[in-house]
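Spelled out, the chains give:
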Amino acid sequence: MYVTAIVPAHNEAGNIKRAVRALKKQVDKVIVVCDRCDDDTYQRAQQAGARAFETVQNEGRKAGALNQALENYVDWQRPDQYLFICDADTVITEDWIEHAKRVIAQGDYMRLAPSFTERLTAIS
C-alpha cells in the first residue's frame, strides 16, 4: 500500500515543518499545497522534505487547492495508492497510518477517523 499525504496550507510557516516531519515518518510521499501564502510556508515545506507547490489562480479556497493537487501532483497510474489529507496545523499520532492500513485491509472504512497528538500554534 502506497500512501500519499496531501496537506493544504495557507500561511502555515510556523507549523508546516513539524506536520511534514510527522507525516514523512509514516507515508511514502507528502505533497504540500501552498495556497496564496504570504509567508515562507513553501520553503519550509520543502526543507522538511515535502513536495511543495503553489496554487495557480485558485478561487476555490481549500477545496480548490486540494483539486489542484489531485489533478496535477498525484500519480493516478500508481496501483494500490491511498490518499491521506491532513491539515497543516496537525500532527498525527505515531501509529495512525499503520492503524489505517489495517482497517483498510479489513475492508472496514467506516472506522477511519483522525487521531491527533495536538493542534499546533505557530511553532517555528
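Counting of residues starts from 1 at the beginning of each chain's written sequence and follows it residue by residue. Where local features are concerned, this predicted model is filtered to residues with pLDDT of at least 70; where side-chain atom pairs are given and counted, the filter is 80 or more; whole-chain, interface and lining totals use all residues. Excluding hydrogens and water, the side-chain figures rest on all heavy atoms present in the structure.

### Here we look at the sheet that holds strand β1 (residues 2-9)
1) Next: The parallel open sheet is built from four strands, whose spatial order is β3-β2-β1-β4. Every other strand in the sheet has two partners, leaving β3 (51-54) and β4 (81-85) as the edge strands with one partner each. Strand after strand, the sheet turns through a mean of 20 degrees between neighbouring axes, direction not considered.
2) Next: Two strands are counted as paired when DSSP detects at least two bridges linking them. Think of it this way: any DSSP run of H or I at least four residues long counts as a helix, any run of E at least two long counts as a strand, and we number them from the N terminus. Inspection of the sheet shows strand β2 (residues 29-34) paired to β3 by four bridges, in the parallel sense. Bridged to Ile31 within β3 is Arg51. Only C-alpha atoms enter the line fits that serve as axes; for helices the fit covers just the stretch in contact. Angles between N-to-C directions range over 0 to 180 degrees.

### Re unusual backbone geometry
1) Next: The backbone of Arg36 shows a phi angle near 55 degrees, a positive value even though the residue is not glycine.
2) Next: Here Arg36 is to be found in the loop between β2 and α2 (41-47).
3) Next: For Arg36, a relative accessible area of 44% translates into the label partly exposed.
4) Next: You will see that Gln57, though not glycine, has its phi angle at about 45 degrees, which is positive.
5) Next: By the secondary structure assignment, Gln57 is in the loop between β3 and α3 (61-72).
6) Next: For Gln57, a relative accessible area of 74% gives the class exposed. Residue burial is assigned from relative accessible area. The probe radius is 1.4 Å, only protein chains are included, and a residue is buried under 20% of its type maximum, exposed over 50%, and partly exposed in between.

### Some thoughts on the pairing of β1
Working note: regular strand, side chains alternate between the two faces of the sheet.
1) Next: With respect to burial, β1 is a largely interior element, eight of its eight residues being buried.
2) Next: Judged by which residues are buried, β1 turns out to be covered on both faces: Tyr2, Thr4, Ile6 and Pro8 on one side and Val3, Ala5, Val7 and Ala9 on the other are all buried.
3) Next: Sheet analysis places β1 next to β4, joined by five bridges and oriented parallel. Among the inter-strand pairings, Thr4 is bridged to a residue of β4, identified as Leu83.
4) Next: Strand direction decides the pairing type here: β1 and β2, joined by six bridges, are parallel. Each bridged residue has a counterpart across the sheet, and for Ala9 the counterpart in β2 is Cys34.
5) Next: The definition of a right-handed crossover adopted here requires that, viewed with the strands pointing away, the path from the first strand over the helix to the second runs clockwise. Handedness of the β1-helix α1 (residues 16-24)-β2 crossover: right-handed.

### As for the side chain of Asn58
1) Next: Topologically, Asn58 is positioned in the loop between β3 and α3.
2) Next: Polar side-chain contacts of Asn58 include one of 3.0 Å to the side chain of Asp35.
3) Next: Engagement of the side chain of Asn58 in a polar contact is seen with the backbone oxygen of Arg61, the distance being 2.8 Å. Definition of a polar contact: a pair of N or O atoms within 3.5 Å, with one able to donate and the other able to accept a hydrogen when the atoms are protein atoms, and with sequence-neighbouring residues admitted only if both atoms are side-chain atoms.

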